[in-house]
Each structure stands twice: as C-alpha cells, then as structure tokens.
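Okay, here's what each chain looks like letter by letter:
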Amino acid sequence: MIFLTRVEHFNAAHKLYNEAWSKEKNEEEFGKCANENWHGHNYDLHVTVKGEVSADTGFVINASTLGKLINKFVIEEIDHKNLNVDVAMMKGKLCSAENLAIAIWQQLSLHLPPGVILHSVKLYETPRIFVEYFGS
Ligand SMILES: Nc1nc2c(c(=O)[nH]1)N=C([C@H](O)[C@H](O)COP(=O)(O)OP(=O)(O)OP(=O)(O)O)CN2
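These notes cover the structure that comes with them.

Calculation rules
Residues numbered from 1 in each chain as written. Predicted model: local features only at pLDDT ≥ 70, side-chain atom pairs only at ≥ 80, totals over all residues. Heavy atoms only, no water. Helix = DSSP H or I, 4+ residues; strand = E, 2+ residues; numbered from the N terminus. Buried < 20%, exposed > 50% of the residue type's maximum accessible area, 1.4 Å probe, protein only. Contact = heavy atoms within 4.5 Å. Areas by Shrake-Rupley, 256 points an atom, 1.4 Å probe, with all protein chains shown as cover. Lys, Arg positive; Asp, Glu negative; His and termini not counted. Charge placed at Lys NZ, Arg CZ, Asp CG, Glu CD. Pairing = 2+ DSSP bridges. Axes fitted to C-alpha atoms, helices over the stretch in contact; angles between N-to-C directions. Near = heavy atom within 4 Å. Polar contact = N/O pair within 3.5 Å; in protein donor to acceptor, adjacent residues only side chain to side chain. Core = buried A, V, L, I, M, F, W, Y, C linked by side-chain atoms within 4.5 Å. Salt bridge = Lys/Arg side-chain N within 4 Å of Asp/Glu carboxyl O.

### So, the overall build of the protein
In step 1: Scanning the protein from terminus to terminus reveals three helices and five strands.
In step 2: Ordering the α and β elements of the protein from the N terminus gives β-α-β-α-β-α-β-β.
In step 3: For the C-alpha atoms alone, the extent of the protein along its principal axes is close to 60 × 25 × 25 Å.
In step 4: Residue burial in the protein is summarised as follows: out of 136 residues, 39% are buried.
In step 5: Within the protein, contacts between residues at least 6 apart in sequence are counted, and of these 66% link residues at least 24 apart.
In step 6: For the protein, the accessible surface area stands at approximately 7,900 Å², while carbon and sulfur atoms represent 51% of it.
In step 7: Averaged over its 13 positive side-chain charges, the protein has a centre that lies 2 Å from the centre of its 17 negative ones.

### Quick look at the sheet that holds strand β5 (residues 129-133)
Through backbone hydrogen bonds, the strands of a sheet pair up, either in parallel or in antiparallel fashion.
In step 1: In spatial order, the strands read β3-β1-β2-β4-β5; together these five strands make up an open sheet with mixed pairing. For this open sheet the edge positions go to β3 (81-82) and β5, each flanked by a neighbour on one side alone.
In step 2: Strands in contact with helix α2 (residues 63-78) are β1 (2-14), β2 (39-51) and β3; relative to β1, the strand with the most contacts, it is inclined by about 20°.
In step 3: Each of β1, β2, β4 (117-126) and β5 touches helix α3 (residues 97-108); the most contacted strand, β4, lies at about 150° to it.

### Quick word on the site of the ligand
In step 1: What surrounds the ligand is a group of 13 residues, the closest being C33, A97, E98, E125 and R128.
In step 2: Here an oxygen atom of the ligand sits 3.1 Å away from a polar atom, N or O, in the side chain of H39.
In step 3: Within the contact set of the ligand, an oxygen atom lies 2.7 Å away from a backbone nitrogen or oxygen of A97.
In step 4: Listing elements by their share of the shell around the ligand, those giving two or more residues are β2, α3 and β4.

### Considering the pairing of β1
In step 1: In this sheet, β2 lies alongside β1 in antiparallel orientation, the contact comprising 13 bridges. By the bridge assignment for β2, T5 is matched with T48.

### Overview of the environment of Y43
In step 1: On the secondary structure map, Y43 appears in strand β2.
In step 2: For Y43, a relative accessible area of 0% puts it in the buried group.
In step 3: The contact partners of Y43, leaving out residues within four places of it in the chain, are E8, H9, F10, A12, H14, L83, L100, L123, Y124 and E125.

### Points about the nonpolar core
In step 1: Counting residues in hydrophobic clusters, the biggest one holds 33 residues, and the most contacted among them are F10, L45, I104 and L123.
In step 2: Contributions of two or more residues to this core are made by β1, β2, α2, α3, β4 and β5.
In step 3: Discounting chain neighbours no more than four positions away, the residues touching L45 are R6, V7, E8, F10, I70, V74, I75, I104, V121, K122 and L123.

### As for the pattern of salt bridges
In step 1: Within this structure, the stated rule accounts for two salt bridges.
In step 2: A salt bridge links R6 to E8; the nearest nitrogen and oxygen atoms lie 2.8 Å apart.
In step 3: The class for E8 is buried, based on a relative accessible area of 12%.
In step 4: Ionic pairing is found between K23 and E27, a salt bridge with its closest N-O pair at 3.3 Å. Of the two residues, K23 and E27 both sit in helix α1 (residues 23-30), four residues apart, roughly one turn of that helix.
In step 5: With relative accessibility at 41%, the residue K23 sits in the partly exposed group.
In step 6: For E27, a relative accessible area of 41% gives the class partly exposed.

Okay, structure coming up:
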C-alpha cells in the first residue's frame, strides 16, 4: 500500500453565518467572517489516495488522471464561486473549512477508479488554518 497526494488550488467567497441565529449572535461567534457582503480565500486542496502499485505503470494512479478527476468533480464546481450561494455540494450547510472538506470527500469518493482508495482530504483555508478529513 502506498499513498499519493495531489495538490490543487481554488478561490472562493463565503461567509460564516448560521441562519437560525440573530445577526448579533452570528457576529459574536464568527466575527468578521460573518460579514454579510462575503469574504474570500485562496484555498489549497491536498487529496491523498492509497492503493497498490501497478506492475505495468509503477503508479497507484497516474497523478495527471487524479488531477483531472479533482478538477472535474470538485474544482470546476467551486472555483471562483460563492460557496453559500452557487455551490450545490454546500447547499444548506455552514460554509466552514470542515464542512467543505467533508463535501469534497463525498464528491470525490464517488469518482475514483477501482483499487484507488481515498485516504484524506486536507484543505487549507489560509496558510495558518487547515482541516484534514479521513472519511469519518
Ligand atoms: N474551525 C474553523 N474556524 C474558522 C474557520 C473555519 O472554517 N473553521 N474559518 C474562519 C474564517 O473563514 C476566517 O476568514 C479565517 O481567516 P482569518 O480571519 O485570517 O483567520 P485568523 O484566525 O488566522 O485571523 P486572525 O485575525 O489572524 O486571528 C475563522 N475560523
């Protein structure tokens, strides 16, 4: 078993806002991240898969193929979008890094080829804040 990581990048706008709460409570919990006119991040996404090395290719999966899958099923859905408004996988969810990483996992795990297992989704919201999800 060996692990392969592909790093991708996207930009997105969001706000952290719980619609069940008052404006004041949102501002108290989320501070400037609750700004109703949104703010943006340059996200870095690290996707790690695992599997056996093919005797024919020396690969778990061609890293280029993995990049194309991440782009098709994740990046194209969220890059330069507003996570709260435009992105189906985030509909009805609080747009935290945690929930976005889980949504990316759920999206990507459906589209990996047989024998290629999703190990982790690590998402950097800022250079100082990142989350890592292992599927449970
Ligand atoms: N557990 C989480 N905490 C926070 C998240 C998150 O997704 N999960 N997100 C945010 C905001 O989106 C915020 O924009 C993060 O950026 P920033 O304001 O730069 O965060 P810092 O805490 O590093 O800001 P400082 O002003 O330097 O303290 C917040 N929290």
